[in-house]
Amino acid sequence: MRRRIIRPNTRSFTGRHVLPDGSGDIRFESGLERDFLTLLSIRDDVLEIVEQPFSLTLQSPDGKPRRYTPDFKVTYRDRVVVYEVKYREQLRKRWSEYRGKFSQARTWAQANGMRFRIVTELTIRTVRFENARLLAPYRGVAPDPAAAKAIIAGLADGPRTVLDLVRALCPDRADRARFYAAFWPMLANRQLRADPHTPIGMDLRVEVAP
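Given the structure is predicted, the values throughout are model-derived calculations rather than measurements. Counting of residues starts from 1 at the beginning of each chain's written sequence and follows it residue by residue. Restriction of local features to residues with pLDDT of at least 70 applies here, the model being predicted, together with a cutoff of 80 or more for giving and counting side-chain atom pairs; totals for whole chains, interfaces and linings are based on all residues. Water and hydrogen atoms play no part in the side-chain values, which are based on all heavy atoms of the structure.

Here we take up the pattern of salt bridges. In the sections that follow, a salt bridge refers to a side-chain nitrogen of Lys or Arg positioned within 4 Å of a carboxyl oxygen of Asp or Glu. Counting across every chain of the model gives 14 salt bridges. Here Lys 73 ties to Glu 48 by a salt bridge, and the two come within 4.0 Å at their closest N and O atoms. Here Lys 73, found in strand 6 (residues 72-76), pairs with Glu 48, found in strand 3 (residues 46-51); they are 25 residues apart in sequence, far enough to count as distant. Using a 1.4 Å probe on the protein chains alone, a residue whose accessible area is under 20% of its type maximum counts as buried, one over 50% counts as exposed, and one in between counts as partly exposed. Note on Glu 48: relative accessible area 18%, which makes it buried. Residues participating in the shared-partner salt-bridge network are Arg 34, Asp 35 and Arg 125. Helix numbers and strand numbers start at the N terminus; a helix is a DSSP run of H or I with at least 4 residues, a strand a run of E with at least 2.

Here is the structure:
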């Protein structure tokens with residue numbers, strides 16, 4: 001993944017999101033952009049994220065050319081998507097201003113083999129995002145080696161819930177904590193996988209990642 005630099009400003013909420021592969025970080029300019037990057041961080045099909053990847057010269061309603069810069073370009077294994085990240089209320093209030101340029105941006109993207117998407121808090125702040133947010137602190141954290149080895153062996157016959165597997169691996173309740181603690185870094189670092197649309201918890205079905 002690669003990044004580009006956005007200069008900090010005093011008019012918006014800015015920060016840095018560390019890329020999950022450790023190759024660098026990406027700046028965001030709003031809390032919603034930050035959450036969008038967090039959501040992308042748990043996807044294993046994301047190959048590259050570029051902030052404000054290019055600027056387009058579009059025709060405004062008054063006939064004058066206007067510059068438009070989308071928020072992100074994300075390259076997945078099977079597609080490239082150009083994203084505009086906006087709060088719903090912002091879209092609602094300024095839709096007459098946005099509609100024309102977003103339509104032109106979509107046409108341009110299609111002509112260049114890409115897709116154009118507008119994403120809001122409704123499509124970003126989902127169960128999948130909550131899972132990504134919970135797992136984010138465990139990226140790069142190594143699980144207990146013995147517990148991780150036992151978990152992988154216990155999943156040899158297929159997916160099981162966290163609760164069921166820990167009970168099978170450790171009948172003694174007093175020693176279960178280290179097994180529970182091993183699941184979250186294993187999920188965060190893609191040693192295990194689970195349905196991203198299912199809330200993380202004891203009933204989560206996990207399996208060994210391919």
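Ordered by their spatial adjacency, 4 strands build an open sheet running 3-6-7-8, and the pairing between neighbours is mixed. Looking at which strands have only one partner, the edges of the open sheet turn out to be strand 3 and strand 8 (115-119). Neighbour-to-neighbour, the strand axes of the sheet open up by a mean angle of 25°, direction not taken into account. We call two strands paired when DSSP finds no fewer than two bridges between them. As paired elements, strand 3 and strand 6 share 5 bridges and run antiparallel to each other. Looking across to strand 6, one finds that Ile 49 is bridged to Val 74. Relative to strand 6, helix 1 (residues 31-41) is tilted by about 5°, and along the sheet it contacts strand 3, strand 6, strand 7 (80-85) and strand 8. The sheet contacts of helix 2 (residues 88-111) involve strand 7 and strand 8, and relative to strand 8 the element is tilted by about 165°. Lines are fitted to the C-alpha atoms to define the axes, a helix being fitted only along its stretch in contact, and any angle between axes, read from their N-to-C directions, falls within 0 to 180 degrees. What makes two residues a contact is simply this: any of their non-hydrogen atoms within 4.5 Å.

With that settled, the discussion passes to the packing of helix 1 against helix 4 (residues 127-135). In the contact formed by helix 1 and helix 4, the axes pass within 8 Å of each other and the chain directions differ by 80°. As far as their axial angle goes, helix 4 and helix 1 are roughly perpendicular. Each of Asp 35, Thr 38, Leu 39 and Ser 41 in helix 1 lies in contact with helix 4, whose residues at this interface are Arg 128, Phe 129, Ala 132 and Arg 133. A per-class count over the contact of helix 1 with helix 4 returns 3 nonpolar, 2 polar and 3 charged. Should an angle fall under 35 degrees it is called roughly parallel, over 145 degrees roughly antiparallel, and 65 to 115 degrees roughly perpendicular, with every other angle called oblique. Polar here means any residue outside two lists: the nonpolar Ala, Val, Leu, Ile, Met, Phe, Trp, Tyr, Cys and Pro, and the charged Asp, Glu, Lys and Arg; Gly therefore counts as polar.

What follows covers the packing of aromatic side chains. Only Phe, Tyr and Trp rings are paired, with Trp represented by its six-membered ring, and only when their centres lie within 6.5 Å; those with planes under 30 degrees apart are stacked, over 60 edge-to-face, the remainder tilted. Enumeration according to the criterion identifies 8 aromatic pairs in this entry. Ring plane angle 45° and centroid distance 4.8 Å describe the contact between Phe 54 and Trp 108, whose orientation is recorded as tilted. A residue pair is termed long-range when its members are at least 10 positions apart, and Phe 54 in the loop between strand 3 and strand 4 (56-59) and Trp 108 in helix 2 qualify at 54 residues. Judged by relative accessible area, which is 29%, Trp 108 ranks as partly exposed. Of the aromatic side chains, those joined through ring pairs into one cluster are Tyr 68, Trp 95, Tyr 98, Phe 102 and Phe 116. We count a charge as sitting over a ring when the NZ of a lysine or the CZ of an arginine lies within 6 Å of the ring centre and within 35 degrees of the ring normal. Here the guanidinium or amino end of Lys 86 rests over the ring plane of Tyr 98, the centre of that ring lying 5.4 Å away.

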